[in-house]
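Structural features, examined
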Amino acid sequence: MKFNIIIPTKTSFSNFPFLRLKRHAANINRRLRVFAEPLLQPIFPTWSALRNRARVQKIESIGDNYVRLCLKTPFGWGSFHPGQHVQMGVVKNGAQLLRCFSISSSVQRFRKERTIDLTIQVQNQGQVTPWIKRFLKVGHTVTLSKASGDFIIDSKRPALLIAGGSGVTPFHSFIAGTPSRPTVLLHYSKNPSLFSNHKHSENLNVQRFDTSKRGRFSLEDLETHCPDFRTFEIYLCGPGNMIEHVRAVLLEQDCDPKQIHTEYFGTVPKNDNWTAESDGTLVHFSKSGAKAFGDKRNLLELAESVGLKPVFGCRIGVCHQCKCSKKQGVVYNTRTQQYSDSGEEDIQLCVSIPVFNDVVINL
Amino acid sequence: MKTTRLDVQKLDELAAELDAIDLRIREDLGEKDANYLFAVVRVQRFLSLAGRLCIPLGFLTPWLWLLGVLYLTLAKILDNMEIGHNVLHGQYDWMNHSHINSKVFDWDIVVNVDSWKRTHNYEHHTYTNILGKDRDFGYGLLRLTDELKWRTKNLWQFFTYALLSVLFEWGIAFHELAGERVFFGKKKDEIGRSEKHAELKKSFFNKIQKQLLKDYVVFPLLCWPVAVSVFLANLCANLLRNLWTSTIIFCGHFTDDIQTFSIQECENESKGHWYYRQMLGSSNFTGPRWLHILSGHLSYQIEHHLFPSLPACRYPEISVMVEEIATRYEIPYNKDSFVKQYWTVLKRIIKYSFPKRTTQSV
Ligand SMILES: Cc1cc2nc3c(=O)[nH]c(=O)nc-3n(C[C@H](O)[C@H](O)[C@H](O)COP(=O)(O)OP(=O)(O)OC[C@H]3O[C@@H](n4cnc5c(N)ncnc54)[C@H](O)[C@@H]3O)c2cc1C
Ligand code: FES
């Protein structure tokens, strides 16, 4: 005798009429908002159908190279944990450009005033950050995603925070909230004095190092300022090469990889574990008809090298803006360090390196 | 009637010149284009709202009902042509807008967008007017060239055309499934096909259900005492929009001088030949600005086929350059007034209703 065992899957649950009703309601709500947006926006400039908008309340220059924005978040924006980032979008020449920035103000202040700070380093060649410095004014609106990211600084254990350059921003959010456990911040930057006016408290030990005078992070700094680092949760944030360097030192000192948390602000160092025949893989961009041969570059760079201009944001696999459909071929994801299927699926161009078969991208 | 075909070198030169135009316009895209699109969307919303409000007030005076239908029709035409068609081509994707982009936009007709993107954006725009590959050429219903075999049903194809025009959105919605022979015709038994068919059918019916519910159930019920008049108004608006869209499309594709290509001619074709084929396979019509806007700038069908992903509001300025190039390369540039172009469409439909007459030698 045969039994047919029916295992209820997620989809079969969603077939219950009342659940479908909820989905329909969400759908109708969305459509109404999309319909109303062009009519309501002239009257309520901070309202938007799908993306949250925030008003710029204050702009402050810090040195030549940094801008601090204070943003009034809209109702229903949600909250955040110290260490998390948002995607902020500005409209530059008709196009919405979204970039990742960490929140640098405290949760307490957010609860009181609904405002957050972003501390932005101006990248000389960048598309967005120089524009922000020149053209963004108090009273303008920007789009603001909800806070996200699993780089969350846990206040239940002593924390060692090591930052390079602008990588200090997520830590400022944490120390501004007056930590209740011992916290050590080591900050390496070219002009560390810019950020020296933080709030002092008894648990907090902040050390700023001027890299133009005394070089980079070393084990000595660690032993002088945080000798018990093996019992701390350790957070690293900054450019990729700095993070790799510090992490190597820590691992050599018998730190547990699980106690080290990282957030990359720049390119993630390329991992050469994979040995695929990437060179010479034909990449075909099907919409435009352009073709390129794979080298070790990712698909975003390859596409740009043949004159295409796909949308991007972070270029390191965080924001998902460069998502695009791959019709066929195998790519290697440098972030998850996994090979893809050879069939059709959505991939992030900026972290995908074409590896074998002809790779066809819908671009 | 076929023009002499260009040689390889000429075609390469042609490609280089057209590529240069594409690049120049792309670099120049910006706030102006974004603002234009937002303005059109805003007008569309106003018209739609005004229409939906006027129609139920039709019990005061029928004129209000008529005005409402007019507004709603215009709103639906804008949504379908200048906004929907162009956005779904990805023309405004560089704006990175949250919902006005080719990935998530949905339009107010019964056509499922994904299906349309496959058949129209891919098939029709890649294989334009290649007989046997571009199913948009005559939609498998009309015989518009002697290269296709004559069948008895072609005798009454003028009425088929009239019917297709009125039900145009349904024809387009059904296009992919018809080609795949999902509901009737030869059954192809290949592995994985039936699953794919099930998917196709599901999304086809989903979209239809949504549209029918909206226009013929929800809106009438919301205006309960005058439900019937709202129902009829929505029906009229949809049919009028169909008629309009169909007429515009036919004027761009099936005028008298439009040429067709064989599969062999286009095997391994160069970019230049592709451009060349697009120019011979489309036609433009002239008229006042509002006519261009209501046609979604498909009045510049030649430019649209050359540069399907450039914002349509740029076609007028591009057409000046393209026409100049066409003159230099001695490629026919098919342009005439709306009325004249439409007249040749009607003639063409009639002409090919009948079997090929054996040509008499002089
Ligand atoms: C999770 C996360 C959190 C972040 N938090 C912060 C933060 O709090 N504060 C902060 O300042 N930054 C932060 N960053 C980094 C920030 O997102 C980038 O600095 C920002 O995206 C730069 O945007 P852009 O448009 O100015 O530069 P892009 O145009 O995106 O360029 C990126 C980089 O490429 C370089 N580049 C671009 N074009 C060229 C060219 N033609 N030749 C040479 N170089 C070129 C630029 O100099 C720049 O460094 C964060 C990043 C991530 C992923
Ligand atoms: S650009 Fe952000 S994920 Fe690729």
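In this convention, every chain numbers its residues from 1, walking through the sequence in written order. Chains carry letters and ligands carry numbers; both start at the beginning, A for chains and 1 for ligands, and go up in the order they are written. Restriction of local features to residues with pLDDT of at least 70 applies here, the model being predicted, together with a cutoff of 80 or more for giving and counting side-chain atom pairs; totals for whole chains, interfaces and linings are based on all residues. With hydrogens and water stripped out, all remaining heavy atoms of the structure feed into the side-chain values.

**Some words on the overall build of chain B**
The numbering of helices and of strands both runs from the N terminus, where a helix is a DSSP run of H or I of at least 4 residues and a strand a run of E of at least 2. Looking only at helices and strands, one finds 13 helices and 2 strands in chain B. A globule of 362 residues ought to have a C-alpha radius of gyration of about 21 Å, and chain B, at 21 Å, matches this closely. Considering only C-alpha atoms, chain B reaches an extent of 70 × 50 × 50 Å along its principal axes. Relative to its 362 residues, chain B shows a buried fraction of 53%. By the convention used here, residues are in contact when the closest approach between their heavy atoms is within 4.5 Å. Here the analysis covers contacts within chain B between residues at least 6 apart in sequence; of these, 71% occur between residues at least 24 apart. Note that accessible areas follow from Shrake-Rupley with a 1.4 Å probe, and for residues the cover is restricted to the protein chains shown. About 17,700 Å² of surface is accessible on chain B, with carbon and sulfur atoms providing 63% of the total. Charged-residue counts in this description rest on Lys and Arg as positive and Asp and Glu as negative, His and the chain ends being excluded. For charged residues, the charge sits on one atom: NZ in Lys, CZ in Arg, CG in Asp, CD in Glu. One finds the centroid of the 43 positive side-chain charges in chain B at a distance of 7 Å from the centroid of its 40 negative side-chain charges. Radius of gyration means the value over C-alpha atoms here, while the globule rule gives 2.2 Å times the residue count to the 0.38 power. Throughout this description, buried means an accessible area under 20% of the type-specific maximum (1.4 Å probe, protein chains only), exposed means over 50%, and partly exposed covers the range between.

**With respect to the overall build of chain A**
Of the regular secondary structure elements, chain A holds 9 helices and 17 strands. In terms of principal-axis extent, the alpha carbons of chain A reach across some 65 × 60 × 55 Å. The buried share among the 363 residues of chain A stands at 46%. Taking the contacts inside chain A whose residues are at least 6 apart along the sequence as the reference set, 59% of them involve residues at least 24 apart. Carbon and sulfur atoms make up 52% of the accessible area of chain A, which totals about 19,200 Å². For chain A, the separation between the mean place of its 47 positive charges and that of its 30 negative charges on side chains is 12 Å.

**Details of the site of ligand 1**
Residues and elements named next belong to chain A. Around ligand 1, the surrounding shell holds 22 residues, and the nearest of these are Cys 100, Gln 121, Val 128, Thr 129 and Thr 169. In protein, a polar contact requires one atom able to donate a hydrogen and another able to accept it; more generally it is a pair of N or O atoms within 3.5 Å, and residues adjacent in sequence count only if both atoms are side-chain atoms. Between Val 128 and ligand 1, the recorded distance is 2.8 Å, taken from a backbone N or O atom to an oxygen atom. Compared with its free state, where it exposes 960 Å², ligand 1 has 75% of that area covered by protein. Top contributing element to the shell around ligand 1 by residue count: strand S4 (residues 95-102), with 4 residues. In this classification, Asp, Glu, Lys and Arg are treated as charged, Ala, Val, Leu, Ile, Met, Phe, Trp, Tyr, Cys and Pro as nonpolar, and every other residue, Gly included, as polar. Grouping the amino acids of the shell around ligand 1 by side-chain chemistry returns 9 nonpolar, 11 polar and 2 charged. Proximity is defined per residue: any heavy atom of the residue falling within 4 Å of a molecule or strand makes that residue near it.

**Re the interface of chain A and chain B**
Taken together, the contact pairs 20 residues of chain A with 23 residues of chain B. Joining two parts hides part of their accessible area as seen by a 1.4 Å probe, and the buried area is that hidden amount summed over both. Summed over both sides, the interface between chain A and chain B buries roughly 1,800 Å², with carbon and sulfur atoms accounting for 50% of that surface. Throughout this description, the term salt bridge denotes a Lys or Arg side-chain nitrogen within 4 Å of a carboxyl oxygen of Asp or Glu. For the pair chain A and chain B, the number of links is 1 salt bridge. At the boundary of chain A and chain B, one finds 10 residue pairs in polar contact (both at pLDDT 80 or more). Among the secondary structure elements, those contributing two or more residues to the side of chain A that touches chain B are helix H2 (17-40) and S4 of chain A. The element best represented in the side of chain A that touches chain B is H2(A), accounting for 7 residues. For the side of chain A that touches chain B, the class distribution of residues is 10 nonpolar, 4 polar and 6 charged.

**Thoughts on the environment of Ala20(B)**
Residues and elements named next belong to chain B. With respect to the helices and strands, Ala 20 occurs in helix H1 (residues 8-28). Of the residues examined, Ala 20 reaches a relative accessible area of 38% and is grouped as partly exposed. Placed 60 residues apart in sequence, Ala 20 and Asn 80 show a C-alpha to C-alpha distance of 30 Å.

**So, the nonpolar core**
All names here are of chain B. For this analysis, a nonpolar core means a set of buried residues of the types Ala, Val, Leu, Ile, Met, Phe, Trp, Tyr and Cys, connected via side-chain atoms within 4.5 Å. In this structure, Trp 107, Tyr 139 and Phe 250 are the most contacted members of the largest nonpolar core, which totals 53 residues. Ranked by residue count, the leading element in this core is helix H3 (residues 62-88), at 7 residues. In this structure Phe 250 touches Tyr 139, Leu 142, Tyr 161, Leu 164, Phe 168, Thr 255, Val 345 and Ile 349, once residues within four positions along its chain are discounted. Within the second largest apolar cluster, 31 residues are counted, among which are Ile 21, Leu 280, Ile 325 and Tyr 333.

**Points about the domain arrangement of chain A**
Residue and element names in this part refer to chain A. Under the domain assignment used here, chain A contains domain 1 (52-144), domain 2 (159-264) and domain 3 (281-361). What marks off one domain from the next here is an automatic or database domain assignment. Distance between the C-alpha centres of domain 1 and domain 2: 24 Å. On the side of domain 2, 12 residues touch domain 1, which itself brings 15 residues to the contact. For the pair domain 1 and domain 2, the summed buried surface comes to about 1,100 Å²; carbon and sulfur atoms form 59% of the total. In terms of residue class, the side of domain 1 that touches domain 2 is built from 5 nonpolar, 10 polar and no charged.

**Some thoughts on the packing of helix H8 (residues 227-253) of chain B against helix H13 (residues 338-351) of chain B**
All names here are of chain B. Running from amino to carboxyl end, H8 crosses H13 at an angle of 80°, the nearest separation of the two axes being 9 Å. Considering the angle they form, H8 stands roughly perpendicular to H13. When H8 is examined against H13, the residues Thr 247, Ile 248, Phe 250 and Cys 251 are found in contact with a partner set consisting of Phe 338, Gln 341, Tyr 342, Val 345 and Ile 349. Here the contact of H8 with H13 is built from residues that sort into 7 nonpolar, 2 polar and no charged. Axis lines are fitted through C-alpha atoms, for helices just across the contact stretch, and the angle between N-to-C directions can take any value from 0 to 180 degrees. Oblique is the label for every angle not falling under 35 degrees (roughly parallel), over 145 degrees (roughly antiparallel), or within 65 to 115 degrees (roughly perpendicular).

**Concerning the packing of aromatic side chains**
In this analysis, rings of Phe, Tyr and Trp, with Trp reduced to its six-membered ring, are considered paired at centre separations within 6.5 Å, and the interplanar angle assigns stacked below 30 degrees, edge-to-face beyond 60, and tilted for intermediate values. Tallied over the full model, the rule gives 25 aromatic pairs over all chains. One aromatic cluster in this structure is built from Phe137(B), Tyr139(B), Phe158(B), Phe159(B), Tyr161(B), Phe168(B), Phe250(B) and Phe254(B). Lysine NZ or arginine CZ positioned within 6 Å of the ring centre and within 35 degrees of the ring normal marks a charge as sitting over the ring. The ring of Phe312(A) is capped by Arg315(A), whose NZ or CZ atom sits 4.5 Å from the centre of that ring.

**A look at helix H5 (residues 157-166) of chain B**
Residue and element names in this part refer to chain B. Residues of H5 that are buried: Gln 157, Tyr 161, Leu 164 and Ser 165. Burial along H5 is one-sided: seen end-on, the buried residues are contained in an arc of 100°. For H5, the exposed residues lying more than 90 degrees away from the buried face are Phe 159 and Leu 163. Buried residues belonging to H5 abut helix H6 (168-180), H8 and H13. What the arc measures is the spread of directions leading from the helix axis to the C-beta atoms.

**Details of the pattern of salt bridges**
Residue and element names in this part refer to chain B. In this structure the tally under the stated criterion is 29 salt bridges over all chains. Note that Lys 207 is salt-bridged to Asp 106, the shortest N-O span being 3.0 Å. On the criterion of sequence distance, the pair formed by Lys 207 in helix H7 (residues 193-222) and Asp 106 in the loop between H3 and helix H4 (113-126) is long-range, its members being 101 residues apart.

**Some points on the environment of Ala34(B)**
Secondary-structure assignment places Ala34(B) in helix H2 (residues 31-54). When the C-alpha atoms of Ala34(B) and Met95(B) are compared, they prove to be 7.2 Å apart, with 61 residues separating the residues in sequence. Sequence-distant contacts of Ala34(B), defined by excluding residues within four places in its chain, comprise Gly94(A), Trp94(B) and Met95(B).

**Quick look at the environment of Pro355(B)**
All names here are of chain B. Here Pro 355 lies in the segment after H13. For Pro 355, a relative accessible area of 41% gives the class partly exposed. Pro 355 sits 204 residues away from Arg 151 along the chain, and the two C-alpha atoms are 8.1 Å apart.

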